[in-house]
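The primary structure of each chain is shown beneath.
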Amino acid sequence: MTNTRFDDRLETTLAGLRAAGEPFAIATVVRTVDATSAKPGAKAVILADGTIAEGWVGGGCARSAVGKAGAAAIRECRAQFISLRPEELLTAEGVLPGEERHGIRFARNGCPSKGSMDIFIEPVLPMPRLVVFGASPVALALSALAAHFDLHRTLAAPDLREGPAEQVQDGFALDAVPAGQRFIVVATQGKGDEAALRAALASSADSIAFVGSRRKFAALAERLRADGIDEAALRRVKAPAGLDIHAITPEEIALSILAEITVLRRSGGRGDADG
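The following refers to the structure shown. The structure displayed is predicted, hence computed values, not measured ones.

Analysis parameters
- Residues numbered from 1 in each chain as written.
- Predicted model: local features only at pLDDT ≥ 70, side-chain atom pairs only at ≥ 80, totals over all residues.
- Heavy atoms only, no water.
- Pairing = 2+ DSSP bridges.
- Helix = DSSP H or I, 4+ residues; strand = E, 2+ residues; numbered from the N terminus.
- Contact = heavy atoms within 4.5 Å.
- Axes fitted to C-alpha atoms, helices over the stretch in contact; angles between N-to-C directions.
- Core = buried A, V, L, I, M, F, W, Y, C linked by side-chain atoms within 4.5 Å.
- Buried < 20%, exposed > 50% of the residue type's maximum accessible area, 1.4 Å probe, protein only.
- Parallel < 35°, antiparallel > 145°, perpendicular 65-115°, else oblique.
- Left-handed = near helix turned anticlockwise from the far one by under 90°.
- Nonpolar A, V, L, I, M, F, W, Y, C, P; charged D, E, K, R; others polar.

Pairing within the open sheet is mixed, and its 7 strands lie in the order E3-E2-E1-E7-E4-E6-E5. Among the strands making up the open sheet, the edge pair consists of strand E3 (52-55) and strand E5 (100-101). Across 5 bridges, the pairing between strand E1 (residues 24-33) and strand E2 (residues 43-47) is antiparallel. Its bridge partner lying in E2, Thr28 is registered against Lys43. Set on the sheet, helix H1 (residues 4-20) makes contact with E1, E2 and E3; between it and E2 the angle comes to about 25°. Along the sheet, helix H2 (residues 60-76) contacts E1, E2, E3, strand E4 (80-86), strand E6 (104-109) and strand E7 (116-124); its crossing angle with E4, the most-contacted strand, is approximately 160°.

Take a look at the structure:
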């Protein structure tokens, strides 16, 4: 028999986190052995800091391990499977608490009940954001093609009123740092290059790429450097943007940039993709 009140609280919590664009994880008990306070099907919502915001997967013996695994799932952008077992069972199987084998991470259950519990933890991350600075042919082609890549798109340029993106804005100012990944591509191509680069460098984007030659970026970087921009910040910029696929047309350049972003997304890392 389902607990309607609990289900309603869980759904309310999930809806609030999604609306706020906050990352979270859902823990589900999939198997129990012997005495455990939580049973298969029990669920909990875990925040990025490991706090259990709603739900029940057991008492203090389980909550700490589940909270840590939930935070790891969000941080590493991958699901976790943990097996909570009494210490004597871990010892008998030659497994240490915290050890991972075949995709299963083992944790110690110190509760007097001596039960075992397997829990699947799935991260739910905000949609990655692609910010394209500029209204050039490459900027427009990139924003249009990105519609097929499960990215929230922002197209930004001075006096811009419309374009192929969920968000179109006048100017290069960025909002507060969003949860999840954010990739910035400066595709101004001669119209506001320096201003766009300044805005990109002031952000905490996971990746910044510049559409243009190395020589052009070097000249811009020299001006920014002379104006006090930190060298480490300038090294964050990938120039030219995109993987080397011998792209020529705006659409081909857009494809090369999205291929590079895909590498970064799937690797879960920050910085340049190999290309």
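From this point, the discussion proceeds with the structure in view.
A few words now on the nonpolar core. Within the largest apolar cluster, 45 residues are counted, with the highest numbers of intra-cluster contacts made by Leu130 and Phe133. If you look at the next biggest cluster of nonpolar residues, it comprises 21 residues, including Ala44, Ala62, Leu84 and Ile121.

This brings us to the packing of helix H5 (residues 193-201) against helix H6 (residues 214-226). One way to put it is that H5 packs onto H6 with a least axis distance of 11 Å and a crossing angle of 70°. Relative to H6, the element H5 lies roughly perpendicular. Of the two elements, H5 crosses H6, and the hand of that crossing is right-handed. Of H6, the residues touching H5 (which contributes Asp193, Glu194, Leu197, Arg198 and Leu201) are Lys216, Phe217, Leu220, Arg223 and Leu224. Looking at the contact of H5 with H6 residue by residue, the class counts come to 5 nonpolar, no polar and 5 charged.

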